[in-house]
Amino acid sequence: MASNSTKSFLADAGYGEQELDANSALMELDKGLRSGKLGEQCEAVVRFPRLFQKYPFPILINSAFLKLADVFRVGNNFLRLCVLKVTQQSEKHLEKILNVDEFVKRIFSVIHSNDPVARAITLRMLGSLASIIPERKNAHHSIRQSLDSHDNVEVEAAVFAAANFSAQSKDFAVGICNKISEMIQGLATPVDLKLKLIPILQHMHHDAILASSARQLLQQLVTSYPSTKMVIVSLHTFTLLAASSLVDTPKQIQLLLQYLKNDPRKAVKRLTIQDLKLLASKTPYTWSRENIQALCECALQTPYDSLKLGMLSVLSTLSGTIAIKHYFSTVPGNVSSPPRSSDLVKLAQECCYHNNRGIAAHGVRVLTNITVSCQEKDLLALEQDAVFGLESLLVLCSQDGSPGAQATLKIALNCMVKLAKGRPHLSQSVVETLLTQLHSAQDAAQILMCHCLAAIAMQLPVLGDGMLGDLMELYKVIGRSATDKQQELLVSLATVIFVASQKALSVESKAVIKQQLESVCNGWTVYRIARQASRMGNHDMAKELYQSLLTQVASEHFYFWLNSLKEFSHAEQCLTGLQEENYSSALSCIAESLKFYHKGIASLTAASTPLNPLSFQCEFVKLRIDLLQAFSQLICTCNSLKTSPPPAIATTIAMTLGNDLQRCGRISNQMKQSMEEFRSLASRYGDLYQASFDADSATLRNVELQQQSCLLISHAIEALILDPESASFQEYGSAGTAHADSEYERRMMSVYNHVLEEVESLNRKYTPVSYMHTACLCNAIIALLKVPLSFQRYFFQKLQSTSIKLALSPSPRNPAEPIAVQNNQQLALKVEGVVQHGSKPGLFRKIQSVCLNVSSTLQSKSGQDYKIPIDNMTNEMEQRVEPHNDYFSTQFLLNFAILGTHNITVESSVKDANGIVWKTGPRTTIFVKSWKTLIPSKFAYNSSKPSSHYSSSSSSAMPTPGFNHGMNALQTFKRSIKLPETVCFFIWNMYESYSVVHLFIDFYNVIFWKNFVFLKILSEK
């Protein structure tokens, strides 16, 4: 029965489908551990990491690891090995073990076994636990002893444990350093063991003295043991130690360059190049001009292409950092050679046309980085060399479909994008080269080249018109086959066409794209192209593509999703007919757009599921609907100046009220309401921005632009009508100076600047409200709506997924059931949480800390109705905690002095590495019922003092009145709950403390609170 139940839970489909809670899941695995069959035990052990992943909270992990420790203690070596692998796989959950002492005690008992294999597994287990037991002296002692063992397996395990403990514990590292030194220098130590002991020295970086002693030992080893293996291991350990300590990094660079130059062994040279690249990526600021010059000389002199490739990769890494500026900077007092005559430039120019693709790619990258970074110098010749090198590399790699050629092509295309951005005057030649080569390239190369063209067109939209002709010709001839590469190429080329067309596609372009899509008949390809059209603002094209896909899906959720996208595209298409100065037409266009938006939001709501609620999409569309309604209302308000002008007595009313704005009539109040509505919309856009932690930067910028549109209109209303005297344009004047990354952003910024100029020109020039002011507001609305809305990536695709799961203690069994708390006590609320990630954690931003906000409000009050201070009715607390291994925990102390039911709300938000706070949630609620202690406070007893009512120090002591009174209370307690008198007297006689009786009385009062006889007995005292 145990095996069957275990297998049903441990099915390949996953135990998540069984919907078991944490306790049931652990019990099922415990049945497998208690099985008499070794296979079932092992199967249960290896399933524990999945259990930890699904229920990553300490209370379950602690119980599970204690069970695994029991298996480790009594099982055989194979089971111990399985437990070791589970522990190593669940390393980030080790800190959640609550009973560390008991867990380590059960593990450590195996170290005294006579079996060296069991001891070796135990040592590796202790090494895997080094992060939670770094200062356990018994573990330190066992590792030192095992290093002297005669069994090779046990010694290797001790070396593993010593390395892990050295990385975690400074005391252990200081104590083991001399032991490691003696063993390495000892003649009796085998060479293989010395090679395993040397890497331990890389962890001796806890202080400068320890790092210096380890460095001296490594220096002696490099000198005393010149064999290839010893030199390689010693130098690599040397490098890792220098990279961790950061003190001796320049010396290590010089040492590596010395070996690279003087040591004839290719294996040593390859190792030095590998370590130099590590130091170049981690500490580029420690590289001096002399170091780079020495590396260039070695690269120029070496006859081996493999070594030259490695040295160029180091220089390529350095050329993209601050080190390249140091290299070309002029030192005061020295005459610096011009850049074109330096060895670095000479080396890059030689390698640009090398027959090895990798060498040529790194040479071109070095030239590109020099050209872009050193813009203050005259580098005309280098610019031409970079462009010619990129062209030759593009021709070479675009005809080859091998993975190596494609990787080299990616390097060249990245350099092209960087060169076009850094040197815009070179972009035209780069684009012409790409378009020329695009027709004859392989499919995989064409896809990469299309991505490059799209990136350049996004940065320099002026080049888009020149691309369209060649792109449309190419689109006519591709897509003849239904291969994956052809489908990908259709999407990439369509994206470039959308970017290059900038405003709207021509009829010919639409016809060509539709013809190709009809012949291919791949629904996923059509959807991806429609998605790109929505992102680029080509809503008429997107609407037709979404319409064609409605009958090609098998799920109703997908149908509603596509239908909503079609309606949204149709709604945005209605806004393309807006014309300036035609306000009645604008109202009709907005009304038509709102009609389709309401249809779309209904379909979008139907497309949402519990697993995919589409919260961002729904909120974004709702805000768009409210924004369009606000625009429509503002245009109607502006028109009301004509349809309902101010009354004749408006001037008299304004003079009487002392408000000059009242002479404008009711339009002033309507304008004030519109301004508040736009500010409210801006605030809601800000909330949506803060709730979109996983969104990409383009989506966030899009939301920010919508917020700025609302703020712009509200500012225009205030500056033109409500308060023109105090309006300031300084905070809005720099809005257009920021660099725009997309055509949509560029056009929106242009509209912002134009509107601000118009508002500033009318401000204080005409007294409000005139037709000039209302026309300016209406034209601003039309100008904003004429820019097609861009539905960015996060609306369709979620590349990063981050969520927080909270657990509260104490928590009721039933969520609707309140937790009972006495009003004279405080509730210690423990909040635990786990950060859960998707497949690409930290793609856009990472969590630095979690902000927990706990608040409580009084829901219903019991007892007397008297005035309660507001401070006693609520609790407001906030704490910031930094998650470690995606886990965090903290506690709050809450006071509930007021009797009644309180609602506790725990809300979490996160703070990223840039200090931005994101309201990610979740929001958890529990209920607490505060009740009053029925024992009067004057009968409270301090248990720390000796009892004054009764003392058992003398057997002849007489009972006191307090004792008699307590006995009477116990007699009543006994009669009420049907306890024998001997039991009640035993309770009293054993503890000899009135405070203990107080606890029993409290227990009685809670359960039998209607019995007031007992209270009367106590009150008579």
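Here, the structure is the one placed above.
Residues numbered from 1 in each chain as written. Predicted model: local features only at pLDDT ≥ 70, side-chain atom pairs only at ≥ 80, totals over all residues. Heavy atoms only, no water.

## So, helix α9 (residues 137-146)
One turn of an α-helix holds 3.6 residues; hence residues three or four places apart share an orientation.
Now for step 1: Turning to α9, its buried residues number three or more, namely Ala139, His140, Ser142, Ile143 and Ser146. The buried residues of α9 occupy an angular sector of 165° when projected down its axis, which confines them to one face. For α9, exposure combined with an orientation more than 90 degrees from the buried face picks out Lys137 and Gln145.
Now for step 2: Considering only its buried residues, α9 is in contact with α7 (100-108), α8 (116-128), α10 (152-168) and α11 (170-185). (Buried < 20%, exposed > 50% of the residue type's maximum accessible area, 1.4 Å probe, protein only. Helix = DSSP H or I, 4+ residues; strand = E, 2+ residues; numbered from the N terminus. Arc of directions from axis to C-beta. Contact = heavy atoms within 4.5 Å.)

## What about the sheet that holds strand β3 (residues 826-837)?
Now for step 1: Taken in spatial order, the three strands make up an open sheet running β1-β3-β6, and their pairing is antiparallel. Here the strands that pair on one side only, and so sit at the sheet edges, are β1 (802-809) and β6 (887-895). Here the average twist between neighbouring strands, direction ignored, is 25°. (Pairing = 2+ DSSP bridges. Axes fitted to C-alpha atoms, helices over the stretch in contact; angles between N-to-C directions.)

## Let's talk about the environment of glutamate 488
Now for step 1: Here glutamate 488 shows up in helix α27 (residues 484-501).
Now for step 2: It is 8.8 Å that separates the C-alpha atoms of glutamate 488 and alanine 444, two residues lying 44 residues apart in sequence.
Now for step 3: Setting aside residues up to four positions removed in sequence, glutamate 488 forms contacts with Ile447 and Arg528.

## Some points on the pattern of salt bridges
Now for step 1: Under the counting rule described, the total for this entry stands at 30 salt bridges.
Now for step 2: A salt bridge links aspartate 70 to arginine 106; the shortest N-O distance between them is 3.0 Å. Placement of aspartate 70 in helix α5 (residues 58-74) and of arginine 106 in helix α7 is noted, with a sequence separation of 36 residues between them.
Now for step 3: Residue aspartate 70 is classed as partly exposed on the basis of its relative accessible area of 26%. (Salt bridge = Lys/Arg side-chain N within 4 Å of Asp/Glu carboxyl O.)

## Notes on the environment of leucine 894
Now for step 1: With respect to the helices and strands, leucine 894 occurs in strand β6.
Now for step 2: We classify leucine 894 as buried; its relative accessible area is 0%.
Now for step 3: Separated by 17 residues in the primary sequence, leucine 894 and methionine 877 have C-alpha atoms spaced 8.8 Å apart.
Now for step 4: Residue contacts for leucine 894: discarding those within four places in its chain leaves Gln826, Leu827, Leu829, Val854, Asn875, Met877 and Ile904.

## Observations regarding empty space enclosed by the protein
Now for step 1: Across all of its chains, the model carries six cavities of 30 Å³ or more by this definition.
Now for step 2: What the largest cavity holds in volume is close to 70 Å³.
Now for step 3: Contributing to the lining of the largest cavity are Arg624, Leu627, Phe631, Gln706, Ser709, Tyr744, Met748, Leu784, Leu785, Val787, Pro788 and Leu789.
Now for step 4: Mapped onto the lining of the largest cavity, the elements with two or more residues apiece are α33 (615-643), α36 (697-722), α38 (743-762) and α39 (771-785).
Now for step 5: The dominant element in the lining of the largest cavity, judged by the number of residues it contributes, is α33, at three residues.
Now for step 6: Looking at the lining of the largest cavity residue by residue, the class counts come to nine nonpolar, two polar and one charged.
Now for step 7: Of the volumes computed, that of the second largest cavity is approximately 50 Å³.
Now for step 8: Among the secondary structure elements, those contributing two or more residues to the lining of the second largest cavity are α33, α36 and α40 (793-796).
Now for step 9: Looking at the lining of the second largest cavity element by element, the count peaks at three residues for α36.
Now for step 10: Along the lines of polarity and charge, the residues of the lining of the second largest cavity split into six nonpolar, four polar and no charged. (1 Å grid on protein atoms, 1.4 Å probe; cavity = no way out; pocket = protein on both sides within 12 Å on 5 of 7 lines; lining within 4 Å. Points joined across faces, edges and corners; volume = space filled by probe spheres on them. Nonpolar A, V, L, I, M, F, W, Y, C, P; charged D, E, K, R; others polar.)

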